[in-house]
Amino acid sequence: MGVEKEMTVPVGLIRYRGLFDWGGLYYHISDWFKRYRYTLTEEMYKHKVPTPFGAEQELEWYGDSEVNEWVKFRIYVHFHLWDMTEIEVVKDGKKKLLTNARIEINIWGRLTFDWQKKFDKNRFTRALRDLYIGYIWRRESSSVYGDMIYYRMLGLHAHIKKYLDLQTKYHAYKGYLGEER
Amino acid sequence: MSEIRLVIDQTKLTYEGIFNLKGLYEMITQFFYEKGGDYEEKLNTEQIFPHGRNIKIELAPYKNITDYFKLIYRIRIYGTGIKNVELEQDGAKIPLNDGKLMIIIDGYIMSDRYSKWEHKPIQWFFRALADKYIFKGHYLKAEQWLMSDVDDLYLRLKSFLNVYRSSRDRGVISEQIIS
């Protein structure tokens with residue numbers, strides 16, 4: 001069995017049904033990526049022809065961050081919305097357009113080692129890389145960087161829950177990395 | 001795949017009445033944070049209906065106790081018809097929830113957590129032998145650890161929910177629902 005150059009870290013799934021500010025949520029998540037200095041890419045944007053129940057949208061985002069010359073983080077966010085209808089609400093005397101829909105948000109991340117492919121030159125350097133990732137640096141890869149991406153994504157997870165005003169928005173592991181912005 | 005054994009099978013707690021959902025969630029997550037466990041939230045669903053909120057939460061915190069053993073907890077929280085209510089206590093309004101709750105806790109022990117002993121049939125065989133005879137004492141300690149943690153959480157949940165029940169019985173929280 002070869003040594004994995006990449007590691008996928010799942011975080012969790014959020015499902016919500018009700019009224020929410022879709023534009024605001026879109027902005028808040030992209031702002032989170034910006035705050036943590038991730039370059040955000042919208043890989044997919046699907047809008048299906050609305051049915052009498054409403055429209056369907058599917059989006060896929062990823063944010064890249066080069067942690068150092070050896071490790072790279074990529075955080076994926078997948079949105080899927082069904083039965084989207086827009087409703088005008090009056091709040092504090094101001095009209096606001098909110099979305100009534102079912103939404104599913106899935107977050108996961110990927111750690112890539114040797115992202116610059118410096119060790120990809122020949123068989124010997126590849127063997128050295130495998131030795132480094134598989135044995136010498138095995139603990140650090142999962143406990144230091146694995147934990148870092150996991151708890152950062154958990155922060156995003158909590159950020160989304162807070163925005164949607166879920167009952168479970170409390171984040172016990174806030175400050176775990178000591179870098180909350 | 002590492003070997004996963006089910007130790008605690010569906011410890012259930014059902015409750016109907018007034019409670020604080022935010023406080024309950026906070027208590028559970030804080031419990032694992034205090035115990036030094038890692039936290040995983042597999043699913044978080046919230047649906048808002050005219051009769052109230054329905055929630056479905058699945059947590060899977062875990063704790064790596066040694067290089068070989070890992071304790072995995074699975075907590076499922078199902079809530080139906082949860083409404084926001086405000087109760088009056090000593091002139092102050094307290095925001096609480098009213099509805100039905102069901103909490104199910106499972107506990108597992110994972111051995112060979114790095115999956116080192118399963119690449120060849122002979123390794124698999126030795127792992128089974130080691131688990132059964134050599135590491136038996138360690139396994140029993142892990143089991144004890146898991147059971148005491150789940151017991152502790154279960155008691156905390158019970159007392160947390162009973163605070164609302166008993167204080168209502170004692171008349172500390174009045175039955176007047178404002179909104």
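Residues numbered from 1 in each chain as written. Chains lettered and ligands numbered in written order. Predicted model: local features only at pLDDT ≥ 70, side-chain atom pairs only at ≥ 80, totals over all residues. Heavy atoms only, no water.

**Remarks on the side chain of B:R113**
All names here are of chain B. The following threshold applies: Helix numbers and strand numbers start at the N terminus; a helix is a DSSP run of H or I with at least 4 residues, a strand a run of E with at least 2. For this analysis, a polar contact is any N or O atom pair within 3.5 Å, provided that within protein one partner can donate a hydrogen and the other can accept it, and provided that sequence-adjacent residues contribute only side-chain to side-chain pairs. Residue contacts follow a heavy-atom distance rule, with two residues in contact if any of their heavy atoms lie within 4.5 Å.
With respect to the helices and strands, the residue R113 is situated in the loop between β6 (92-111) and α2 (121-134). At 2.8 Å, the side chain of R113 forms a polar contact with the backbone oxygen of T66. Sequence-distant contacts of R113, that is, excluding residues within four places in its chain, are made with S2, N64, T66, D67, Y68, F69 and K70.

**Thoughts on the environment of A:V77**
Residue and element names in this part refer to chain A. Our working definition: Burial classes follow relative accessibility: with a 1.4 Å probe on protein chains only, a residue under 20% of its type's maximum area counts as buried, one over 50% as exposed, and anything between as partly exposed.
Its location among the elements puts V77 in strand β4 (residues 71-91). With relative accessibility at 0%, the residue V77 sits in the buried group. Discounting chain neighbours no more than four positions away, the residues touching V77 are F33, L59, E60, W61, I105, N106, I107 and L156.

**Examining helix α2 (residues 123-136) of chain A**
All names here are of chain A. Applicable threshold: Here the expected span of a helix is defined as 1.5 Å times the quantity of residues minus one. By construction, the arc corresponds to the directions joining the helix axis to the C-beta atoms.
Spanning 14 residues, α2 covers 19 Å between terminal C-alpha atoms, matching the ideal 20 Å at 1.5 Å per step. Residues T125, R129, I133 and G134 constitute the buried set of α2. End-on, the buried residues of α2 take up no more than an arc of 155 degrees, which puts them together on one face. Away from its buried face by more than 90 degrees, α2 exposes R123, F124, Y135 and I136. Measuring from the side-chain oxygen of the N-cap residue of α2 to the backbone nitrogen of F124 gives 3.1 Å; that N-cap residue is N122.

**Here's the deal with the packing of helix α1 (residues 22-35) of chain A against helix α3 (residues 138-163) of chain A**
Residue and element names in this part refer to chain A. Put simply, the test is: To get an axis, a line is fitted to the C-alpha atoms, and for a helix only the part in contact is used. The angle between two axes follows their N-to-C directions and goes from 0 to 180 degrees. Angular relationships are summarised with four words: roughly parallel below 35 degrees, roughly antiparallel beyond 145, roughly perpendicular across 65 to 115, and oblique for the angles in between. Helix crossings are classified by the rotation of the near helix relative to the far one: an anticlockwise turn of less than a right angle makes the crossing left-handed, while a clockwise turn makes it right-handed. Three categories are distinguished: nonpolar for Ala, Val, Leu, Ile, Met, Phe, Trp, Tyr, Cys and Pro, charged for Asp, Glu, Lys and Arg, and polar for the others, with Gly belonging to the last.
Across the interface, α1 lies against α3 with an axial gap of 11 Å and an inter-helix angle of 155 degrees. Comparing their axes, α3 and α1 come out roughly antiparallel. Crossing hand, α1 versus α3: right-handed. Every residue of α3 that contacts α1 at G24, L25, H28, I29, W32, F33 and R35 is listed here: R152, G155, L156, H159, I160 and Y163. The residue inventory of the contact of α1 with α3, partitioned by class, reads 7 nonpolar, 4 polar and 2 charged.

**Some remarks on the pairing of β4(A)**
Residues and elements named next belong to chain A. Test applied: DSSP bridges decide pairing: two strands pair if at least two such bridges lie between them.
Pairing geometry for strand β3 (residues 54-66) and β4, over 11 bridges, is antiparallel. By the bridge assignment, E58 is partnered in β4 with H80. Between β3 and β4, which follow one another and run antiparallel, lie 4 residues.

**Digging into the interface of chain B and chain A**
Much of the literature gives interface size as the accessible area that the parts lose upon coming together. Selection rule: Summed over both partners, buried area is the accessible surface (1.4 Å probe) that two parts give up on being assembled. Salt bridge criterion: a side-chain nitrogen from Lys or Arg within 4 Å of a carboxyl oxygen from Asp or Glu.
Between chain B and chain A, the residue contacts involve 28 residues of the former and 24 residues of the latter. Taken together, both faces of the contact between chain B and chain A bury some 2600 Å²; the carbon and sulfur share is 49%. Linking chain B with chain A are 1 salt bridge. For B:E41, the salt bridge goes to A:K161, with nearest N and O atoms at 3.1 Å. Remark: the boundary between chain B and chain A carries 17 residue pairs in polar contact (both at pLDDT 80 or more). Those elements giving two or more residues to the side of chain B that touches chain A turn out to be α1 (21-34), β2 (41-49) and β3 (52-59) of chain B. The pairing of strand β1 (residues 6-20) of chain A with β2(B) spans 5 bridges and is classified as parallel. Within β2(B), the residue paired with A:Y16 across the bridge is B:E46.

Keep in mind these values describe shape, not function.
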